[in-house]
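Fold and geometry: a report
Now for the letters of each chain:
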There are 2 protein chains.
Amino acid sequence: MTVLQGRLANRDAWSAIGECPIEKTMTVLGTKSAMLIMREAYYGTTRFEDFWRRVGITKAAAAARLSDLVEAGLLERRPYREPGQRSRDEYVLTDAGTEFMPVVWAMFEWGRRHLPNRTPLRLAHRDCGAEATVEVVCADGHRVPPEELAVRLTR
Amino acid sequence: MTVLQGRLANRDAWSAIGECPIEKTMTVLGTKSAMLIMREAYYGTTRFEDFWRRVGITKAAAAARLSDLVEAGLLERRPYREPGQRSRDEYVLTDAGTEFMPVVWAMFEWGRRHLPNRTPLRLAHRDCGAEATVEVVCADGHRVPPEELAVRLTR
DNA sequence: CTGTATCCTAGTTGATACTG
DNA sequence: CAGTATCAACTAGGATACAG
């Protein structure tokens, strides 16, 4: 078991230890519109028009990003029909999409704390009312501060 | 106190409730190279050549992104001098940069689980050895699953 | 309402060469 | 080693018009 955190031995590029999931994630989801659509989807938005209006992007951008997110498995098209209308699709979060939300909330928290902004929004635990943040935690239930985090090479 | 999570009442665009920190964060850090440079900085990389070689980008891209990250306050230039050389700068994580890492590790974890990859790396708690993940937790120490997360409107 | 098509601009990135 | 300069390719995204 090798621990990478801290000063590195001799290692060149990520290629030496395999492809980097961070890079792959950014390739699939590394756009502002994708992040904001995920935020909206979590808020409960499902309809095309609501996405582009609430996110504040063009319909073209929304269509492109929604298709990307469906293809990547974060959103799912689900047909619905308003009375007297043709069948249309709405976009709902999948499990994979829900599991992506820590990325979004981590960005929310960092931006809220470190960038000039006056957002009145706060993350909170509905059940107990306390404010919430995004943190690294271990399987034993400890919070893992940056100095205690290890990136282990397995196998 | 209003809770936004779940179906929304009548709300248009984020502008109605202030600027979105997620969007601002993406504006500053929404590039693949910035994320990967942050990863490298956390690993302990500090020198210009190590950044572009290990991240696998051009020197031009590395220079641009390193400057951005310094300006945004995530990295800090610190002068050093090798014997017989002129003074140069190395780039070290600031507190704001360290606090950004949950974003990076959340992406790592999501990509590792949901995208095809064979990375042998795992996050772990150095102190107890258990594997680690990125989660939403509240001030009372509870893990906050997606259904229990609220986004509250304060003031 | 739910898109698609087109034009246009700005930013990211790679490749390559050059400087101190 | 630590950059800067240039060029070209690609992508994101706004504006606008059009279609089912």
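Residues numbered from 1 in each chain as written. Chains lettered and ligands numbered in written order. Predicted model: local features only at pLDDT ≥ 70, side-chain atom pairs only at ≥ 80, totals over all residues. Heavy atoms only, no water.

An unreviewed UniProt entry lists chain A under the name HxlR family transcriptional regulator, with Mycolicibacterium flavescens given as the organism.

A look at the layout of surface pockets
By volume, the largest pocket amounts to about 420 Å³. Lining the largest pocket are 20 residues; nearest its centre among them are Thr 98, Glu 99 and Pro 102 of chain A together with Val 134 and Glu 135 of chain B. Elements that contribute at least two residues to the lining of the largest pocket include exactly α5 (95-114) of chain A together with α5 (95-114) and β5 (132-138) of chain B. A class-by-class count of the residues in the lining of the largest pocket yields 12 nonpolar, 3 polar and 5 charged. Here the second largest pocket defines a volume of roughly 330 Å³. Lining the second largest pocket are 20 residues, and of these Val 134 and Glu 135 of chain A together with Thr 98, Glu 99 and Pro 102 of chain B sit closest to its centre. Every element with two or more residues in the lining of the second largest pocket is listed here: α5 and β5 (132-138) of chain A together with α5 of chain B. Residue composition of the lining of the second largest pocket, grouped by class: 13 nonpolar, 3 polar and 4 charged. (1 Å grid on protein atoms, 1.4 Å probe; cavity = no way out; pocket = protein on both sides within 12 Å on 5 of 7 lines; lining within 4 Å. Points joined across faces, edges and corners; volume = space filled by probe spheres on them. Helix = DSSP H or I, 4+ residues; strand = E, 2+ residues; numbered from the N terminus. Nonpolar A, V, L, I, M, F, W, Y, C, P; charged D, E, K, R; others polar.)

Section: the environment of Thr 58 of chain B
Considering the arrangement of structural elements, one finds Thr 58 of chain B in the loop between α3 (48-55) and α4 (59-71). A sequence separation of 23 residues divides Thr 58 of chain B from Met 35 of chain B, and the C-alpha atoms of the two residues are 15 Å apart.

Remarks on the interface of chain A and chain B
Listed per partner, the contact involves 93 residues of chain A and 93 residues of chain B. Buried surface at the junction of chain A and chain B, both sides included, amounts to about 9000 Å², of which 60% is carbon and sulfur. Contact with chain B buries area across many residues of chain A, yet Ile 22, Tyr 43 and Trp 110 of chain A alone supply 8% of it, more than any other trio. At the junction of chain A with chain B, the criterion picks out 35 residue pairs in polar contact (both at pLDDT 80 or more). Of all elements in the fold, only α1 (21-29), α2 (32-43), α3 (48-55), α5, β4 (121-125), β5 and β6 (149-153) of chain A reach the threshold of two or more residues within the side of chain A that touches chain B. In terms of residue class, the side of chain A that touches chain B is built from 48 nonpolar, 20 polar and 25 charged. Sheet analysis places β6 of chain A next to strand β4 (residues 121-125) of chain B, joined by 5 bridges and oriented antiparallel. For Ala 150 of chain A, the partnering residue across the bridge sits in β4 of chain B and is Ala 124 of chain B. (Contact = heavy atoms within 4.5 Å. Buried area = accessible area lost by both parts, 1.4 Å probe. Polar contact = N/O pair within 3.5 Å; in protein donor to acceptor, adjacent residues only side chain to side chain. Pairing = 2+ DSSP bridges.)

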